[in-house]
Amino acid sequence: MEPIARSPSRTTMVMETIRLRIASRALLPGAKLPSIRKLAAALKVSTSTVVEAYERLVGDGTIQSRPGSGFYVAQHAGATAIPFSVADAGPKRDRAIDPFWVSRQSLEADAQDAKPGCGWLPPSWLPEDGVRRALRTLSRAKSPVLSEYGSPLGLAPLRQLIGRRMGERGIDASPDQILLSESGTQAIDLLCRLLLEPGDTVLVDDPCYFNFHALLRAHRAKIVGVPYTPTGPDIDAFATAVADHRPRLYITNSAIHNPTGAILSPVTAHRVLKIAEQSNVVIIEDDIFADFERSPAPRLAAFDGLDRVIHIGSFSKTLSASGRCGFIAAKPEWIDSLTDLKIATTFGGGRLTAELVYGVLSDGSYRKHLEVLRQRLATTMQTVSTRLQNLGVTPWLEPQAGMFLWCRLPDDRDAADVARSALQRGLVLAPGNAFSLSQSATTFMRFNVSQMQEPHVFDILRDVLSAPHAPKDRP
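Source: prediction; values computed, not measured.

**Considering the nonpolar core**
Part 1: Within the largest apolar cluster, 94 residues are counted, with the highest numbers of intra-cluster contacts made by Leu158, Leu388, Leu429, Phe447 and Leu461.
Part 2: Here this core takes seven residues from helix α16 (residues 365-390), the largest share from any one element.
Part 3: Three or more residues apiece are contributed to this core by two domains, here domain 2 (99-125 + 367-466) and domain 3 (128-361).
Part 4: Setting aside chain neighbours within four positions, we find Leu461 in contact with Leu388, Leu391, Leu427, Leu429, Phe447 and Met452.
Part 5: Core analysis: the next-biggest nonpolar cluster, separate from the first, contains 29 residues, Leu179, Leu216, Ile223 and Leu249 among them.

**Regarding the side chain of Asp291**
Part 1: Relative to the elements of secondary structure, Asp291 occurs in the loop between β8 (282-286) and α13 (300-304).
Part 2: Residue Asp291 is classed as buried on the basis of its relative accessible area, which comes to 5%.
Part 3: Only 2.7 Å separates the side chain of Asp291 from the side chain of Arg165, close enough to count as a polar contact.
Part 4: In contact with Asp291, other than residues within four places in its own chain, are Arg165, Arg169, Thr318, Tyr366, Leu370 and Arg374.

**Quick look at the sheet that holds strand β12 (residues 404-408)**
Part 1: Strand order in the open sheet formed by four strands is β11-β12-β14-β13, with antiparallel pairing between adjacent strands. Looking at which strands have only one partner, the edges of the open sheet turn out to be β11 (394-395) and β13 (430-431).
Part 2: Two strands pair when backbone bridges link them, and β11 and β12 are joined in this way by two bridges, in the antiparallel orientation. If you follow Pro395 over to β12, its bridge partner there is Cys407.
Part 3: Lying over the sheet, helix α17 (residues 415-423) contacts β13 and β14 (444-448), oriented at roughly 45° with respect to β14.

**As for the pairing of strand β7 (residues 249-252)**
Part 1: Here β7 shows no split at all, with Leu249 and Ile251 on one side and Tyr250 and Thr252 on the other all buried.
Part 2: Relative to β7, strand β4 (residues 201-206) is paired through three bridges, and the arrangement is parallel. Paired with Val202 across the strands is Leu249, a residue of β7.
Part 3: Taken together, β7, helix α12 (residues 266-279) and β8 constitute a β-α-β crossover, and its handedness is right-handed.

**Here's the deal with the sheet that holds strand β6 (residues 232-233)**
Part 1: Here we have eight strands laid out as an open sheet, ordered β3-β10-β9-β8-β7-β4-β5-β6, and mixed in their pairing. Two strands lie at the open edges of the sheet, namely β3 (178-181) and β6, each paired on one side alone.
Part 2: Sheet topology places β8 next to strand β9 (residues 309-314); four bridges connect them, and they run parallel. Across the sheet, Glu285 pairs through a bridge with His311, a residue of β9.
Part 3: Against the sheet, helix α8 (residues 156-167) engages β3, β9 and β10 (326-329), with an angle of about 115° to β3.

Criteria and thresholds
Residues numbered from 1 in each chain as written. Predicted model: local features only at pLDDT ≥ 70, side-chain atom pairs only at ≥ 80, totals over all residues. Heavy atoms only, no water. Core = buried A, V, L, I, M, F, W, Y, C linked by side-chain atoms within 4.5 Å. Buried < 20%, exposed > 50% of the residue type's maximum accessible area, 1.4 Å probe, protein only. Helix = DSSP H or I, 4+ residues; strand = E, 2+ residues; numbered from the N terminus. Domains from an automatic or database assignment. Contact = heavy atoms within 4.5 Å. Polar contact = N/O pair within 3.5 Å; in protein donor to acceptor, adjacent residues only side chain to side chain. Pairing = 2+ DSSP bridges. Axes fitted to C-alpha atoms, helices over the stretch in contact; angles between N-to-C directions. Right-handed = clockwise from strand over helix to strand, strands pointing away.

In structure tokens, the structure reads:
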């Protein structure tokens, strides 16, 4: 008879909990550990179990005992810790609502798979002819353009053009207040490096773009969600979160919110800025969907004048995801510090990509492309919304622009279960709780209408939604 495998002892469990906290840098070298009584209560074990765990950790050099003071992480503990894992930094979730699961399924899907859960347009919707013209022009450029590092600030003509485009949306920014980045994601990463220390609190919308969660965990930030409404963050909840948690940052979309498609109202914008000013909160306004707008929506940066609001954008959604290029607009002293950070992390600017983006944006055909794209999205949005409602899928609101529909599934269906079943049929979906820090969007799903042109998408959805299921409680 084979021996029965024993589960780890409670003492071992306590030791592994401490080691994981050290490995993830939730406990830094020199940090004081919780008292024996406090840790025992938190882990629901006896004080004698914690005493034994602490003694063993002292014995192997992981922690140190200071008589009369307590227990502390050894100064060398971080040197032997396991590598930091972003996936382990937050609470454990069902894999189908893990932000990395959604991203990986979308990025790694086969060409024939439909991807209503992804966050980009089909290639045929992008200005391929304009990109090819810019590439041909770039192939004839002088040698320095093709072979040398670019300015850390980024290509000057492109920064000037971005400044003019921002001016059309009421944001006044000189070229010296604009720094080019490799993408919108890198823009937020640089800002987190500049403005955050491990353990700082950051407010996000609930729901919000799921990669905000992943990126903030990579920076060891404490994340607090604020419920989002059709006109912006719930202002009472926002004020309470600021008072209770004293956040360093608030990250949001103003113009076209991801995933809901909502648009910030001027009244809410002013109230958010007033609270932020009173509590010294810096706001990062992610505006990567700006070119989808049919008419300019309110921007926090326009009301604030780039004082405590930092405005970022990119061109991957309407131009090309292969040509990665984004930007940061902020007050001059922050741009100066960000330039140093950019040199430290990427050295020079991505000159070839910047030249390519400038070539497309300065071509008059790009504005014509946007006019056609906006109309195509509006028509598709209406068609997809109707077809989804015929399946019992209800939009939270009808967006004024953009490519996303935030919808409630029928019969209290669990979106993660639906996503897993659909994936077996070659359909990549984005369950609501991937976007929700509070996990209150169990029955919601984000649909990218541009990726729902094939009839079989709705056939699969119909089959999956009609399959037997156990009802879930509404969030």
